[in-house]
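Coordinates in review
Chain residues, written in single-letter form:
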Amino acid sequence: MPAAGGYASVSVEAIVGTAAATLGALALARQCAAARAQQKGGSSTRLVIDGMTCGHCVARIKAVLEGLEGVQSAEVILGPPGSATVVGTASAAELIEAVEGTGKSARLMESAPLEAVEGTGKSARLMEEGGRRDVCSADMLAVDSITPEQWRQFDEQGYVKLSQAVKPHVVKMLQDEIDAVMMGTADVDYDSMMMQLDSTTGNYSDMGVQTLGHKGASLNYRKIQNLDRDPVFMEYMRAPLFLQACRRVYGDGVPISSFRSMFFNKPAKAAGQTAGGTVLPWHQDRWAHLDRDPLLTMYTALDPATEQTGCIHLIPKSHKLGCVNPSHHSGFLTEQQADQHCDPAEEICLELLPGDIALLHNYTIHKSGQNFSQRPRRAYSVNYMDARTVLNSDSFAANASGRTQSAGGLSEGGETFVQIF
Ligand SMILES: O=C(O)CCC(=O)C(=O)O
């Protein structure tokens, strides 16, 4: 959706059309809303609010919502789109009525995009298989906060590990969903998924192109992006812990989307191969075509990530360097820069178990190796960013679009981004 001057702004409205083929999402969202309503104390409801024009409107609506019985907190964002995230036990109807009492109009955030995408097969299956309360964002994690000590480590070292933060049945659900996406059996709009098959040689230059669309039923995918178009992954991305982390990193009231909601795979070593997957060189997670750098990655291990399976290696404290190679479109270091900043004596091997989450500062320099085992090493990585980020679509098209593959590098991200919080 290029606008004047070759820029495209990140907008939740833009996803309504592309989400239209995300089958089953409405039923999932309804089920989750019902589960949230049954929970005591910690559920969150998101509203779209029309008609706010200034900080006074924001303050007034926040005060009105926080004055309601059962509301613990309300975060109101001017937008556009105007929105509120309300935590507590008040029903959506009570919240909407209270907002409308101020003269503004309000509706449930899920309903606008998802009403348009009602599907059948997936939603019915999901409800039968999982009893769906276990897939709601508020129920997915086994930890509900990040301790001051953990934040201290994140601030000082550029990363922190949250051990066993994801409930085991949720890990299984994410594993099954990503395998279904790879095999072509998931109810997702494959035309909006960026997918890339892995190399069979282990060389970075031999990987398949990363473009929109399914590339055949195979577990040998290296990357799949735009998983915020998949209702299961979107629900996971919205876990309240991730909202807390975004508030800590970006500040209260900042709308949050993601630049990359991405599956990262080191496929199992196949017969006759010495290793599966492809070496990923030293890099930082930043992109030249965004007008500001994302600062927070949530990396969820879906399989054991070890030296043998090709886990991430990182350089502690390297986030303090800022952006090391601004001229590379996706943050890769030159050989000289890697020699200068990546001392093997300082390198950490970030070993993770399935269900561990690593918070990574986006400037933390990292890389990953190959998988020498006979099981895959799957991971789900989300770059949470300020949803007001602006994308330079000329630069995106030249270097990194889902449709054009530059000679010099990878495709990354998408052109439109779903608002998450
Ligand atoms: O999982 C991997 O191998 C690398 C992940 C990564 O580089 C990232 O999440 O940015």
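Reference entry: report on the structure contained in this document. What you see is a predicted model; the values in this text were computed from it and never measured.

Cut-offs and rules
- Per chain, residue numbering runs from 1 following the sequence as it is written.
- Reporting of local features is limited, given that this is a predicted model, to residues whose pLDDT is at least 70; pairs of side-chain atoms are given and counted only at 80 or more, and all residues count toward the totals for whole chains, interfaces and linings.
- A run of H or I in DSSP becomes a helix once it reaches four residues, and a run of E becomes a strand once it reaches two; helices and strands are each numbered from the N terminus.
- Counting other C-beta atoms within 10 Å of a residue's own tells you its class, since 20 or more makes it buried, 12 or fewer makes it exposed, and anything in between is partly exposed; those C-beta atoms are placed from the backbone.
- C-beta atoms are placed from the backbone for every residue, and two residues are taken to be in contact when these atoms lie within 7 Å.
- One nonpolar core equals one set of buried Ala, Val, Leu, Ile, Met, Phe, Trp, Tyr and Cys residues connected by C-beta atoms within 7 Å.
- Only strands joined by at least two bridges in the DSSP assignment are considered to pair.
- Fitted lines through C-alpha atoms serve as axes, helices being fitted only where they are in contact, and the angles separating the N-to-C directions of these axes extend from 0 to 180 degrees.
- Proximity of a residue to a molecule or strand is defined by its backbone-placed C-beta atom lying within 6 Å of that partner.
- Amino acids are sorted into nonpolar (Ala, Val, Leu, Ile, Met, Phe, Trp, Tyr, Cys and Pro), charged (Asp, Glu, Lys and Arg) and polar (every other residue, Gly among them).
- To estimate how far a helix should reach, multiply one less than its number of residues by 1.5 Å.

Across its full length, the protein holds 12 helices and 18 strands. For the protein, the residues scored as buried account for 49% of the 421 residues in total. Sequence-distant contacts in the protein: of pairs separated by 6 or more residues, those separated by 24 or more amount to 81%.

The subject of this paragraph is the nonpolar core. One finds Ile224, Phe242, Cys246 and Leu359 to be the most contacted residues of the largest nonpolar core, which totals 74 residues. The greatest single-element share of this core, amounting to 7 residues, is contributed by helix H8 (residues 168-183). If we skip the residues at most four places from it in the chain, Phe242 touches Met237, Met298 and Tyr384. If you look at the next biggest cluster of nonpolar residues, it comprises 19 residues, including Val48, Leu65, Val86 and Val99.

Bringing the sheet that holds strand E11 (residues 280-283) into the picture now. Pairing within the open sheet is antiparallel, and its 4 strands lie in the order E11-E16-E13-E14. Where the open sheet ends on each side, the last strands, each with one partner, are E11 and strand E14 (348-350). The sheet shows a mean angle of 25° between the axes of neighbouring strands, direction not considered. Both E11 and strand E16 (residues 366-368) contribute to a ladder of 2 bridges, which runs antiparallel.

Attention now goes to unusual backbone geometry. Here the phi dihedral of Asn226 falls at roughly 70°; this positive angle occurs in a residue that is not glycine. By secondary structure assignment, the location of Asn226 is in the loop between strand E9 (221-225) and helix H9 (231-237). Located in the positive-phi region is Lys317, a residue other than glycine, with phi close to 70°. In this fold, Lys317 is placed in the loop between strand E13 (312-314) and helix H11 (335-341).

The next point concerns the site of the ligand. Phe264, Leu280, Asp285, Thr297, Tyr299, Ile312, His366, Ser368, Ala379 and Ser381 make up every residue found near the ligand. Secondary structure elements with two or more residues in the shell around the ligand: strand E12 (296-301), E16 and strand E17 (377-386). Class assignment of the residues belonging to the shell around the ligand gives a composition of 5 nonpolar, 4 polar and 1 charged.

For the rest of this paragraph, the subject is the environment of Ser137. Its place among the elements puts Ser137 in the loop between helix H6 (121-130) and helix H7 (148-157). In this structure the C-alpha to C-alpha distance between Ser137 and Arg238, which are 101 residues apart in sequence, comes to 5.6 Å.

Attention shifts here to H8. A turn of α-helix holds 3.6 residues, and therefore any two residues three or four places apart point the same way. Between its first and last C-alpha, H8 extends 23 Å over 16 residues, near the 22 Å set by a 1.5 Å rise per residue. Where H8 ends, the next residue or the one after it, Gly184, has phi of about 85°, a positive value.

The topology assignment puts Met207 in the loop between strand E7 (194-197) and strand E8 (211-212). As for Met207 and Arg222, which are separated by 15 residues in sequence, their C-alpha atoms are 8.3 Å apart. In this structure, Met207 is in contact with Gln196, Asp198, Ser199, Arg222 and Thr278, ignoring residues within four places of it in sequence.

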